[in-house]
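Residue-level listing of the chains:
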Amino acid sequence: MIHCGVGDIGRRLLLALMLVPGLPPLHGEEAAASGTAVIRPKVITEPVPHDSDDPAIWINPADPLKSLVLGTDKNTDGGLFAFGLDGKIVKRVGGLKRPNNVDVLSGFQLGGKQVDIAVLTEREMQRLRVFLLPDLTPLDRGDLVVFDGDAERAPMGIALYQRPRDHASFAIVGGKSGPKDGYLWQYRLKDDGQGQVKMSLARKFGSFTGEKEIESIAVDSAAGSVFYSDETYGVREYAADPDAPDAAVERSVTGRDGFTKDREGISIYPTGNRSGYLLVSDQAANSFRIFRREIGDGSHAFLKSVQVVATDSDGSDVTAVPLGPDFPKGLFVAMSADRTYHFYSWEDIAGAGLSLSPDNGP
């Protein structure tokens, strides 16, 4: 993540607040510098204490309006925060040692029933942490160590995948460093028979240029694909199922051109089972580049770029589930360097050029 001085963060936070609906729009030098219309968030969350990093959206199956946005506070004295759709903090877990990325999985088999879980990487402890949703009750024994405990490979990115044919659940993890082949490690998550989660290594996979790192990972479950940002090169795609016939074959590389600097946060907005959009953060430009979800001619076609208020964003998530009057066609969440998360209406992100999900979600 790119860090800013206190004065710069204050200026950017003021700008963000100025753009909230009902307050004055962007004017003057800031607007001219952007070169394009800036999309305003519907909601800016309460700030976390140190360093906002990665968000994940949990949909409450009983009442979607009580859904949560999870976000990590990346610090030695860090935590996991849960925000309501109004941006207010409703739950938190403290005492985490530099939590980095977080993801959510529904329908995990635990104790003879299906539950929803959140899993995050805890960098300074070289491990994963698992929490029950929505209460954020811990579901691990602190022993889910990744990369054989190699501190140089401190875990950063994570994406969760549930295989349709047998509902096996997996965590795909990227670290601060790694080899040019087999950079990502994929672990199977299971019930240990005593109400906690255990894991075992399923495979090592994924090409890497050897420059920067791999942090942003996203799974397209319907397509059976995992995407990850090789930051200086492009967004690579592989099979998410470790037992797939083409599991070791790179399916595509997207976003080779057009990025200001690093390719970062990845999120997937579905409009159907295989249709929709792939959104990738152009971190240095405070924008997201949007690609077609379907593969065409070996890659995902670029469609457009959108400028957002969130600054230096390297984490995002999106859902097409309707979430009330502010988010009738879904919610897009972007981390911002001012210690907040920004909630955008999908209709504002889509504009005139992109499709919307059906009225009840895809």
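The shown structure was predicted, so the numbers you read here are calculated from the model rather than taken from an experiment.

**Q** Looking at this structure, I do not really get the environment of Ser-305. What am I missing?
**A** Among the secondary structure elements, Ser-305 is positioned in strand β22 (residues 302-308). Judged by relative accessible area, Ser-305 falls into the partly exposed class, the value being 38%. Taking C-alpha positions, Ser-305 is 9.1 Å from Leu-279, a pair spaced 26 residues apart along the chain. The residues contacting Ser-305, other than those within four sequence positions of it, are Ser-287, Phe-288 and Arg-289.

**Q** Help me out: how do you make sense of the layout of surface pockets in this one?
**A** A probe matching the size of a water molecule, rolled over the atoms, marks out where space remains unfilled. Here the largest pocket is characterised by a volume of approximately 1200 Å³. Along the walls of the largest pocket sit 45 residues, with Val-104, Val-219, Ser-221, Asp-317 and Val-318 positioned nearest its centre. Listing elements by their share of the lining of the largest pocket, those giving two or more residues are β3 (52-58), β7 (99-110), β11 (155-162), β15 (214-220), β19 (263-270) and β23 (316-319). For the lining of the largest pocket, the element with the most residues is β7, which contributes seven residues.

**Q** I keep staring at the sheet that holds strand β6 (residues 89-96) and nothing clicks. Help me out?
**A** Hydrogen bonding along the main chain pairs the strands of a sheet, whether they run parallel or antiparallel. An order of β3-β4-β5-β6 is seen for the four strands of this open sheet, with the pairing classed as antiparallel. Lying at the two open borders of the sheet, with one neighbouring strand each, are β3 and β6. Going from strand to strand, the sheet's axes swing by 20° on average, the running direction of each strand aside. Pairing between β3 and strand β4 (residues 68-73): five bridges, direction antiparallel. Counted as the bridge partner of Pro-55 is Gly-71 from β4.

**Q** Sorry if this is basic, but what is going on with the nonpolar core here?
**A** One broad rule of soluble globular proteins: the nonpolar side chains tend to lie buried together. Core analysis: the largest hydrophobic core is formed by 20 residues, its most contacted members being Phe-108, Ile-117, Val-119 and Leu-128. Counting 19 residues, the second-largest nonpolar core is a separate cluster that includes Val-306, Val-318, Phe-332 and Leu-354.

**Q** Can you walk me through the packing of aromatic side chains in this structure?
**A** Two measures describe an aromatic ring pair: the distance that separates the ring centres and the angle between the ring planes. Going through the model one piece at a time under the given rule, you end up with 13 aromatic pairs. Ring geometry for Tyr-161 against Phe-170: centres 6.1 Å apart, planes inclined by 25°, an arrangement best described as stacked. Just as Tyr-161 is buried, Phe-170 falls in that class too. Ring centres of Phe-332 and Tyr-344 lie 6.2 Å apart, and the angle between their planes is 45°; this geometry places the pair in the tilted category. Here Phe-332, found in strand β24 (residues 331-336), pairs with Tyr-344, found in strand β25 (residues 340-345); they are 12 residues apart in sequence, far enough to count as distant. The same class applies to Phe-332 and to Tyr-344, which are both buried. Among the aromatic residues, those joined into a ring-pair cluster are Phe-147, Trp-185 and Tyr-187. Over the face of the ring belonging to Phe-147 we find Arg-153, whose NZ or CZ atom lies 4.1 Å from the ring centre. Note that Arg-289 overlies the ring of Phe-259, its terminal NZ or CZ placed 5.4 Å from the centroid.

Here is what the cut-offs are and how they apply
- Residues numbered from 1 in each chain as written.
- Predicted model: local features only at pLDDT ≥ 70, side-chain atom pairs only at ≥ 80, totals over all residues.
- Heavy atoms only, no water.
- Helix = DSSP H or I, 4+ residues; strand = E, 2+ residues; numbered from the N terminus.
- Buried < 20%, exposed > 50% of the residue type's maximum accessible area, 1.4 Å probe, protein only.
- Contact = heavy atoms within 4.5 Å.
- 1 Å grid on protein atoms, 1.4 Å probe; cavity = no way out; pocket = protein on both sides within 12 Å on 5 of 7 lines; lining within 4 Å.
- Points joined across faces, edges and corners; volume = space filled by probe spheres on them.
- Pairing = 2+ DSSP bridges.
- Axes fitted to C-alpha atoms, helices over the stretch in contact; angles between N-to-C directions.
- Core = buried A, V, L, I, M, F, W, Y, C linked by side-chain atoms within 4.5 Å.
- Phe/Tyr/Trp six-rings, centres within 6.5 Å; stacked < 30°, edge-to-face > 60°.
- Lys NZ or Arg CZ within 6 Å of the ring centre and 35° of its normal.

Read these as geometric descriptors, not functional statements.
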